[in-house]
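Fold and geometry: a report
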Amino acid sequence: AYVRLEFDRTVKKGTEHSHPVSLKPEQMAAVLAGVRVEEPLALVRGDILQRDSVPPIHPAFSEKDIAFFAPLLAMALSKATSEEVVTLYQTRPISAITREVTSGGLFIQGDELHLILANYRSHTRYMADMGVAETQDDRFTPMQSLAPQVGRLNFEPHSAKRDNPSGGLEKLLQQDQRKLTVLYKQLPPRPLIQPNP
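A brief look at the structure comes next.

About the cut-offs
Residues numbered from 1 in each chain as written. Predicted model: local features only at pLDDT ≥ 70, side-chain atom pairs only at ≥ 80, totals over all residues. Heavy atoms only, no water. Core = buried A, V, L, I, M, F, W, Y, C linked by side-chain atoms within 4.5 Å. Buried < 20%, exposed > 50% of the residue type's maximum accessible area, 1.4 Å probe, protein only. Helix = DSSP H or I, 4+ residues; strand = E, 2+ residues; numbered from the N terminus. Contact = heavy atoms within 4.5 Å. Phe/Tyr/Trp six-rings, centres within 6.5 Å; stacked < 30°, edge-to-face > 60°. Salt bridge = Lys/Arg side-chain N within 4 Å of Asp/Glu carboxyl O.

Observations concerning the nonpolar core
A general trend in soluble globular proteins is that nonpolar side chains are found buried together. In this structure, Met 28 and Leu 73 are the most contacted members of the largest nonpolar core, which totals 36 residues. Those elements that provide at least two residues to this core are helix H1 (25-34), strand E2 (35-38), helix H2 (63-79), strand E4 (84-93), strand E5 (99-109), strand E6 (112-123), strand E7 (152-155) and strand E8 (179-182). For this core, the leading source of residues is H2, giving 7 residues. In this structure Leu 73 touches Val 3, Met 28, Leu 32, Val 86, Leu 88 and Leu 106, once residues within four positions along its chain are discounted.

Some details on the packing of aromatic side chains
On inspection of all chains with the given rule, the structure shows 2 aromatic pairs. For the ring pair Tyr 2 and Tyr 89, a centre distance of 5.2 Å and an interplane angle of 15° mean the geometry is stacked. Pair noted here: Tyr 2 is in strand E1 (residues 2-7) and Tyr 89 is in strand E4, with a separation of 87 residues, a long-range link. With respect to class, Tyr 2 is no different from Tyr 89; both count as buried. Note on Phe 68 and Phe 69: the rings are 5.0 Å apart at their centroids and 80° apart in plane angle, and the pair reads as edge-to-face.

Here's the deal with the pattern of salt bridges
One pass over the full model with this rule turns up 8 salt bridges. When the shortest N-O distance is used, the salt bridge between Glu 6 and Arg 4 registers 3.0 Å. Here Asp 111 makes a salt bridge to Lys 185, at a shortest N to O gap of 3.0 Å. Remark: Lys 185 occurs in the segment after E8 and Asp 111 occurs in the loop between E5 and E6; sequence separation between them is 74 residues.

In structure tokens form, the structure reads like this:
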């Protein structure tokens, strides 16, 4: 797992990020604790008859993840330039040859914190074409999705989430995007909870 700064190639003159910015780890913990993943029901898999241990709406980050990432993300935002994005990456082994990756990035624009979760428990062995060999190291591209991302992100409390107005086809196409805009200054600081070993 790591947090690092990367040059944001999407930044253009006049659209630079509001970095560096001073945030306390407790403010960042409040943001991470509010991120929710809404998984779609897949009737083909039999979700209604057989539900696994993960509810359809659940926190994206565990208490252990929040305790690890919040101080690092807060420090990175205090060092980031207006042309950088803060990235995060975490991997967990599933088997001898497969890992799952959670990765993405964030930046601040005015009073808004933008969070992109490019991967959420994405399998590293996912390949659309089984004849294609893995050629890219996912550790170097935390903002790139490894597999199609199902579901969407939401935030609690909803009053701190900035909804981007869209309609019709644009709204439909944005349903599966793992992006959030959070009015982070509205959130009360959240103490970091150190999980038991």
